[in-house]
Amino acid sequence: MVSPEIHKDRIWIDGCFDFAHHGHAGAMLQARQLGNSLYVGVHSDEEILENKGPVVMTLPERILAVEACKWATRAVPSAPYVTSPTVMNQYGCFYVVHGDDITTDANGEDCYRVVKDAGRFLVVKRTPNISTTDLVGRMLLCTKNHHIKTVRSANVEAALANAKVGKQTEGLITPDTLEKFRAYATAEDGKHPRDGVFIWTTASGESDTGMLTTLVEPSPIFMQSHKRMIYVDGGFDLFFAGHIEFLRLVSQCAASLSTATSDNTQTETGIIVGIHSDATVNTFKRLNYPIMSLFERALCVLQCKFVSHVVLQAPYCPTQSFLDALPWNIVAVIHGPTAFGTEGEAGDPYAEVKRTGLYKEIGEHLYKDISTETIVERVTRNRGVYEERQRRKGWKSDIESQLRKQEDAKGS
């Protein structure tokens, strides 16, 4: 393989990327903002097992998730666990980007020691309060304290006004969450605004009467070129390969519906994703579902390159009055191969849209048998192994903290 010319604006980032959570997406976003292209090295299952512990997602599943991130230029499978300048050179990357934490290998040594010594290491801010370890912990302990209270119509405007002036509050609409929504709603360059973030609120519970509020304004140019939308909805918990493959197939449908106008400009069809509230997901799935909060799930969906806009707290039943409240021409409502509710029209959330002729289904696909429950089962079935991984993570964290202090001392 002939190595390309090395560019300082061609960025390398690497990791396990086990679960497509917003911490991983946030690292890719910040890395992409530092250059014009982003190459993402993904470690093999075997190297992760040796250096960190067992993966939950397989390498093909993790590659699929990385390739679906709108800020990633290319995924590189089986990248070495200890970052190699030689491999970076093969893809023309000068700098590697990593969060402001330290990652160690099986020997307790800094995985980035070689590139740091070579002056080819850049630091970005690590996303707090989310990691694969956190998510595995929620599964093992069945905790629900990450769930977010549903926002109601009576208080949405006040919450938004407070957030916009920087007043610190708790819940789904805060200064911090709005900042994150804006960042994850950017285009492929990670800099320019593009996508919209909306919230659907009702007076109480599931109601046909509600209101749509804009949290992040979409780009006017994007709105003009994407006047037609396909609507999809769901919980999107743990945002796994089945979700991503479904959205990819829906994007193919959207592409087939795009048309040329009389002035020879292209009218694109986009995808708007409705995401159910924590309370709605928990009503139907019980236990401590969703494993990810609505805020976390929304960021996972927003970073996906197949998605145009998101609606938070979308109703479980997408009625015609709800679809009419959306500021686009909804040309289809699409569902995947996942079963829902109880048998018969009374338990069918799409009964009304089926009567309008908008409803379509995506057939079976490669990842149709993967669900949030099967992923949780992967962890609980091997509970002892993952509990050992959690303990090992604690041991490694102590070493990584010591290395961090040593680096800080050198810099002072």
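First, a word on what this report is: a plain description of the structure on this page. (Residues numbered from 1 in each chain as written. Predicted model: local features only at pLDDT ≥ 70, side-chain atom pairs only at ≥ 80, totals over all residues. Heavy atoms only, no water.)

Brief notes about the overall build of the protein chain
Counting its secondary structure elements, the protein chain contains 16 helices and 14 strands. Each of the 412 residues in the protein chain was classed as buried or not, and the buried ones make up 54%. Counted over contacts in the protein chain with a minimum sequence separation of 6, partners at least 24 positions apart contribute 76%. As displayed, the protein chain offers around 18300 Å² of accessible surface, 51% of which is attributable to carbon and sulfur atoms. (Helix = DSSP H or I, 4+ residues; strand = E, 2+ residues; numbered from the N terminus. Buried < 20%, exposed > 50% of the residue type's maximum accessible area, 1.4 Å probe, protein only. Contact = heavy atoms within 4.5 Å. Areas by Shrake-Rupley, 256 points an atom, 1.4 Å probe, with all protein chains shown as cover.)

Some thoughts on the sheet that holds strand β13 (residues 329-335)
Within the open sheet, the seven strands sit side by side as β7-β6-β12-β11-β8-β13-β14. Their pairing is mixed. Each edge of the open sheet carries a strand with a single partner, namely β7 (210-216) and β14 (359-361). Strand-to-strand twist in this sheet, taken as the mean axis angle between neighbours without regard to direction, amounts to 30 degrees. Here strand β6 (residues 196-202) runs beside strand β12 (residues 309-312); their pairing, made up of four bridges, is parallel. Looking at β12, one finds that G196 is bridged to H309. The strands touched by helix α8 (residues 175-184) within the sheet are β6, β7 and β12, with β7 carrying the most contacts at an inclination of about 75 degrees. Here helix α12 (residues 294-302) sits on the sheet and contacts β6, β11 (269-275) and β12; the angle it forms with β11, its principal contact strand, is near 165 degrees. (Pairing = 2+ DSSP bridges. Axes fitted to C-alpha atoms, helices over the stretch in contact; angles between N-to-C directions.)

Let's talk about the nonpolar core
The biggest cluster of nonpolar side chains holds 87 residues, and the ones touching the most others in it are L172, F181, L238, L247, V273 and L312. Those residues within four positions of L238 in sequence are excluded, and the remaining contacts are F19, L135, M139, I291, M292, T372, I375 and V376. (Core = buried A, V, L, I, M, F, W, Y, C linked by side-chain atoms within 4.5 Å.)

Thoughts on the packing of aromatic side chains
Enumeration over the complete set of coordinates arrives at 11 aromatic pairs. With centroids separated by 5.6 Å and ring planes inclined at 70 degrees, the aromatic side chains of F181 and F295 adopt a geometry described as edge-to-face. Of this pair, F181 sits in helix α8 while F295 is found in helix α12, placing the two residues 114 residues apart along the sequence. For the pair Y231 and F322, a centre-to-centre distance of 5.5 Å together with 70 degrees between the ring planes defines the contact as edge-to-face. (Phe/Tyr/Trp six-rings, centres within 6.5 Å; stacked < 30°, edge-to-face > 60°.)

A look at the environment of D45
Locating D45 in the fold gives a position in helix α2 (residues 45-51). Expressed as a C-alpha distance, the spacing of D45 and S78, which sit 33 residues apart in the sequence, is 8.2 Å. Ignoring anything within four residues of it in the chain, the contact list for D45 reads V55, M57, T58, L59 and R62. A distance of 2.5 Å separates a polar atom in the side chain of D45 from a polar atom in the side chain of R62. (Polar contact = N/O pair within 3.5 Å; in protein donor to acceptor, adjacent residues only side chain to side chain.)

Comments concerning the sheet that holds strand β2 (residues 37-42)
Taken together, five strands build an open sheet; the order of strands is β3-β2-β1-β4-β5 and the sheet is parallel. In this open sheet, the two edge strands, each paired with only one partner strand, are β3 (74-77) and β5 (121-124). Averaged over all neighbouring strand pairs, the angle between strand axes comes to 30 degrees, with direction disregarded. Looking at chain direction, strand β1 (residues 7-15) and strand β4 (residues 93-99) are connected through four bridges and run parallel. Each residue of the ladder has a partner; that of I13, found in β4, is V97.

A closer look at unusual backbone geometry
Residue Y289 is joined to P290 through a cis peptide bond whose omega torsion reads 0 degrees. Tracing the sequence through the fold places P290 in the loop between α11 (278-285) and α12. One non-glycine residue with positive phi stands out, namely S78, at about 60 degrees. The topology assignment puts S78 in the loop between β3 and α4 (85-90). Among the residues examined, S78 registers a relative accessible area of 44% and is labelled partly exposed. Here Q313, not a glycine, exhibits a phi torsion of approximately 60 degrees, which is positive. For Q313, the location among the structural elements is in the loop between β12 and α13 (320-325). On the basis of relative accessible area, Q313 is assigned to the buried category, the value being 7%.

Describing the packing of helix α3 (residues 59-68) against helix α10 (residues 241-257)
Any two packed helices are characterised by how steeply their axes cross, that is the angle between the axes, and by the distance between the axes. Two elements in contact, α3 and α10, have axes separated by 9 Å at closest approach and are oriented at 45 degrees. Taken together, the axes of α3 and α10 lie oblique to each other. Crossing of α3 over α10 shows left-handed handedness. Each of E61, L64, A65 and A68 in α3 lies in contact with α10, whose residues at this interface are A241, I244 and E245. A breakdown of the residues in the contact of α3 with α10 according to their chemical character gives five nonpolar, no polar and two charged. (Parallel < 35°, antiparallel > 145°, perpendicular 65-115°, else oblique. Left-handed = near helix turned anticlockwise from the far one by under 90°. Nonpolar A, V, L, I, M, F, W, Y, C, P; charged D, E, K, R; others polar.)

Let's talk about the side chain of S131
Along the chain, the position of S131 falls in the loop between β5 and α6 (132-141). Among the residues examined, S131 registers a relative accessible area of 13% and is labelled buried. In terms of polar contacts, S131 uses its side chain to reach the backbone amide nitrogen of D134, at 3.0 Å. Non-local contacts of S131, meaning those with residues more than four positions away in its chain, are made with H21 and R126.

Examining the pattern of salt bridges
In the structure shown here, the tally under the stated rule is 16 salt bridges. Between D105 and R113 there is a salt bridge, with its nearest N and O atoms 3.5 Å apart. Residue R113 is classed as partly exposed on the basis of its relative accessible area of 27%. Among the salt bridges present, the one from R138 reaches E296, with a minimum N-O distance of 2.9 Å. Linking R138 in helix α6 with E296 in helix α12, this pair joins segments that are 158 residues apart in sequence. Residue R138 is classed as buried on the basis of its relative accessible area, which comes to 10%. (Salt bridge = Lys/Arg side-chain N within 4 Å of Asp/Glu carboxyl O.)

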